[in-house]
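Structural characterization, general
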Amino acid sequence: MAWGAPCLLLPPVLLVFLASGSQGQQVVPEELRDVAGQTLSVRCQYSPAGGPYRQKTWCRQISPNRCTMLVTSSEPRTAVTQDSRYTIWDVPDAGFFNISMAQLTERDSGFYWCGPYNSSENIVTVLRNISLLVSPAPTPSPMGTTTWPLERTVLITSPEGTSGPPSLNGSELRKSSSPLAPGWAACSVLGAVLCGLFVAKGLVLSVLFVLLSYRRWAQVTKRCPNHGARSLVQPKAVGDDCSS
């Protein structure tokens, strides 16, 4: 894998980007997007090489040829954390190191470099030139709120000279109809039940009256079989017990 462009570290934490072609080729910027509050993870790859361990660094560009170091590795396979936000983990045998930035904010948007760092010469070789864009975190919707229906008002207007229902000064303000309240609905149901009970009571009394009349007629007919026929053709005699 080809090395990126080398950078020079100026005391105390500034890096100067050397001219393209002096010791390598300029790295093309690449864009990464994330959301505020999240953690950014970046992997930088390089060609494994023998010899003494070379530190790796992650820095933020502050001008076209300068950047500020944020975190730098100290030894292989050992995590280094800076300011509780930046962590770097180098695996030289595999030829890569990982960087993470926690608790992102919109102010973290900008350009970042990663690469091997030569502390004796204050030079870093840029492997990746990253343009980071951090978007605002979405606003959570309020929980547990209740939305009550609002009473709508409808304004009805009638142009002058047109047919239609009369209105006050050419317009009428009315409220849209809404469902009956639970109390009114309960009263309506109770009234219907009471009306049904009264009707049923009347029917029962009518049936009882008919039954009693029929029973009385049957008793009279049984005692005086000719009562019904005689009453039609001749008057009742004095002392006759067969009378209704």
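Residues numbered from 1 in each chain as written. Predicted model: local features only at pLDDT ≥ 70, side-chain atom pairs only at ≥ 80, totals over all residues. Heavy atoms only, no water.

1. Considerations on the environment of I99
Tracing the backbone through its elements, the reader meets I99 in strand 9 (residues 96-101). In this structure the C-alpha to C-alpha distance between I99 and I88, which are 11 residues apart in sequence, comes to 4.5 Å. Those residues in contact with I99 that lie beyond four places of it in its chain are L40, S41, V42, C44, W58, T87, I88 and C114. (Helix = DSSP H or I, 4+ residues; strand = E, 2+ residues; numbered from the N terminus. Contact = heavy atoms within 4.5 Å.)

2. Thoughts on the sheet that holds strand 9
Overall, antiparallel pairing links the 4 strands, which are arranged 4-9-8-7 in an open sheet. Only two strands of the sheet have a single neighbouring strand rather than two, namely strand 4 (40-45) and strand 7 (80-82). On average, adjacent strands in this sheet sit at an angle of 15° to one another, irrespective of strand direction. Across 3 bridges, the pairing between strand 7 and strand 8 (residues 86-91) is antiparallel. (Pairing = 2+ DSSP bridges. Axes fitted to C-alpha atoms, helices over the stretch in contact; angles between N-to-C directions.)

3. A short note on the state of the cysteines
Here the structure, examined in full by the defined rule, presents 2 disulfides. Across the disulfide, C44 is cross-linked to C114 (sulfur-sulfur distance 1.8 Å). Taking the sign of the S-S torsion, -105° for the link of C44 and C114, the bridge is left-handed. Taken as a pair, C44 in strand 4 and C114 in strand 10 (residues 110-118) lie far apart in primary sequence, 70 residues in all. Residue classification places C114 among the buried positions, given a relative accessible area of 1%. At a sulfur-sulfur separation of 2.2 Å, the disulfide partner of C59 is C67. Looking down the S-S bond of the C59 and C67 bridge, the torsion is -85°, so its handedness is left-handed. Neither C59 nor C67 differs from the other in exposure class; each is buried. (Disulfide = S-S within 2.5 Å. Buried < 20%, exposed > 50% of the residue type's maximum accessible area, 1.4 Å probe, protein only.)

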